[in-house]
Amino acid sequence: QKEVEQNSGPLSVPEGAIASLNCTYSDRGSQSFFWYRQYSGKSPELIMSIYSNGDKEDGRFTAQLNKASQYVSLLIRDSQPSDSATYLCAGGYNNNDMRFGAGTRLTVKP
Amino acid sequence: DAGVTQSPTHLIKTRGQQVTLRCSPKSGHDTVSWYQQALGQGPQFIFQYYEEEERQRGNFPDRFSGHQFPNYSSELNVNALLLGDSALYLCASSFGLGGATDTQYFGPGTRLTVL
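Reading the values: rules and limits
- Counting starts from 1 at the beginning of each chain's written sequence and moves along it residue by residue.
- Chain A is the first chain written and ligand 1 is the first ligand written, with later ones labelled in order.
- Local features in this predicted model are restricted to residues of pLDDT 70 or higher, and side-chain atom pairs are both shown and tallied only at a pLDDT of 80 or more, whereas totals for entire chains, interfaces and linings draw on every residue.
- Only hydrogens and water are set aside; all other atoms, that is, all heavy atoms of the structure, feed into the side-chain values.
- For the exposure calls, accessible area comes from a 1.4 Å probe over protein chains only, and a residue counts as buried if that area is under 20% of its type's maximum, exposed if over 50%, partly exposed in between.
- Elements are defined by DSSP. Helices are runs of H or I of four residues or more, strands are runs of E of two residues or more, and each kind is numbered from the N terminus.
- Strands pair, by our definition, only if DSSP identifies at least two bridges between them.
- Here the aromatic set is Phe, Tyr and Trp, taking the six-membered ring for Trp, and pairing holds for ring centres within 6.5 Å; pairs whose planes are under 30 degrees apart are stacked, those over 60 apart are edge-to-face, and all others are tilted.
- Here, a charge over a ring is recorded when the distance from Lys NZ or Arg CZ to the ring centre is within 6 Å and its angle to the ring normal is within 35 degrees.

### Comments concerning the pairing of strand β9 (residues 85-92) of chain A
Residues and elements named next belong to chain A. In terms of burial, β9 is a largely internal element, seven of the eight residues being buried. Bridge count between strand β4 (residues 32-38) and β9: seven bridges; the pairing is antiparallel. Bridge pairing in β9 places tryptophan 35 opposite cysteine 89. Note: β9 against strand β11 (residues 104-109), three bridges, orientation antiparallel. Counted as the bridge partner of tyrosine 87 is threonine 104 from β11. Bridge count for β9 against strand β10 (residues 98-100) is three bridges, and the pairing is antiparallel. Within β10, the position partnered with glycine 91 by the bridge is arginine 99.

In structure tokens, the structure reads:
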């Protein structure tokens, strides 16, 4: 069973703080992981992808992958009100079979 | 660089009807995946098309079918609509098949409401 689990939140952080979003997966066959941001009523927008253990940084975003513990996280530094959205974690498998978590709703308060 | 496009934006149907949704992949992409996203849930994988064939399929009934054309565009057909089919239908495109590292880019989606 390929499952991706996320805390549905809502997660609320003050502006300028670090937001930490977590995701666990059950299938060790996952080879790649993706974080998407989805604003209400819109389609998911890719933020980052990560394939290897460790950290990957892109601007204010850092993705962390730990395959031994089967978790993926996303850190958002200097959170802004415009970061308020639902964040979707997805695990990718062979042949682009991608499974999503239910998403974590983040609110950044001014 | 044209992104993924979908049509129509919104659609209202009644139970038992049939619907066709359309998707054009991002320029340079040849693989199209379809997802259903119910309110408050993550996208659920329906199926994926590559080289005009269905390559992967999620846990959806045969009422859901699709097609991919030589220009890589794709259609999703749903027959005998049920109230539970009301959702946002997302198309995602990527390049190639056979590796788990191909990033998928989503279109704006089609909001289907079944009354």
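We are not done yet, so read on.
### Examining the packing of aromatic side chains
Applying the stated criterion to the full structure yields eleven aromatic pairs over all chains. Measuring from centroid to centroid gives 6.3 Å for A:Phe34 and A:Tyr51, while their planes differ by 75 degrees, and the two rings are edge-to-face. With A:Phe34 in strand β4 and A:Tyr51 in the loop between β5 (45-50) and β6 (54-58), this pair connects stretches of sequence that are 17 residues apart. Classification of A:Tyr51 by relative accessible area gives partly exposed; the value is 27%. A ring pair is formed by B:Phe60 and B:Phe64, whose centres lie 5.1 Å apart and whose planes are at 70 degrees; its orientation type is edge-to-face. In this pair, the class of B:Phe60 matches that of B:Phe64, namely buried. Each residue in the set A:Phe34, A:Tyr36, A:Tyr51, A:Phe100, B:Tyr35, B:Phe45 and B:Phe106 is aromatic and connected to the rest through ring pairs, giving one cluster. Over the ring of B:Tyr105 we find B:Lys26; its NZ or CZ atom is 5.4 Å from the centre of that ring.

Nothing here speaks to function; it is all geometry.
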